[in-house]
Amino acid sequence: PNSKTSEYQDIWSYGKTKGYEVYVFEVLAHVDECAARNVHGRTQGQIMQIAQEWETIPDYMCKLTNLESVLRGDKLGEGDVDEVEMEQE
């Protein structure tokens, strides 16, 4: 579940070395809510264990806590996105 920084640090670092602004999504939910929405077949005990071992995202990483603001693609109006010509390398 990528609950420890060491589980995604290499991917984060690779993106940064390639010039990307890398964002890490931080899950902010109660164990009961996670258990109710669970699609991975984990027990509530397993989810509790993950929550107890969860590491806070380091301050040097850009955090997202509201994925809705990023994934609002189906709510975009016609004037919300401008298409541009991309130069080929």
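Report follows, based on the coordinates.

1. Brief notes about the pattern of salt bridges
Moving on, step 1. Within this structure, the stated rule accounts for four salt bridges.
Moving on, step 2. With its nearest N and O atoms 3.3 Å apart, the salt bridge here joins E33 to R37. Residue E33 and its partner R37 are located together in helix α2 (residues 31-37), separated by four residues, close to a single helical turn.
Moving on, step 3. Close ionic contact of D59 with K63 constitutes a salt bridge, the shortest N to O distance being 3.8 Å.
Moving on, step 4. Residue class for K63 comes out partly exposed when judged on its relative accessible area of 35%.

2. Thoughts on the packing of aromatic side chains
Moving on, step 1. Taken as a whole and assessed by the stated rule, the structure comprises one aromatic pair.
Moving on, step 2. For the ring pair W12 and Y60, a centre distance of 5.2 Å and an interplane angle of 70 degrees mean the geometry is edge-to-face. Remark: Y60 occurs in the loop between α3 (44-53) and β2 (62-64) and W12 occurs in helix α1 (residues 9-17); sequence separation between them is 48 residues.
Moving on, step 3. Given the relative accessible area of 12%, W12 is considered buried.

What counts, and at which threshold
Residues numbered from 1 in each chain as written. Predicted model: local features only at pLDDT ≥ 70, side-chain atom pairs only at ≥ 80, totals over all residues. Heavy atoms only, no water. Salt bridge = Lys/Arg side-chain N within 4 Å of Asp/Glu carboxyl O. Helix = DSSP H or I, 4+ residues; strand = E, 2+ residues; numbered from the N terminus. Buried < 20%, exposed > 50% of the residue type's maximum accessible area, 1.4 Å probe, protein only. Phe/Tyr/Trp six-rings, centres within 6.5 Å; stacked < 30°, edge-to-face > 60°.

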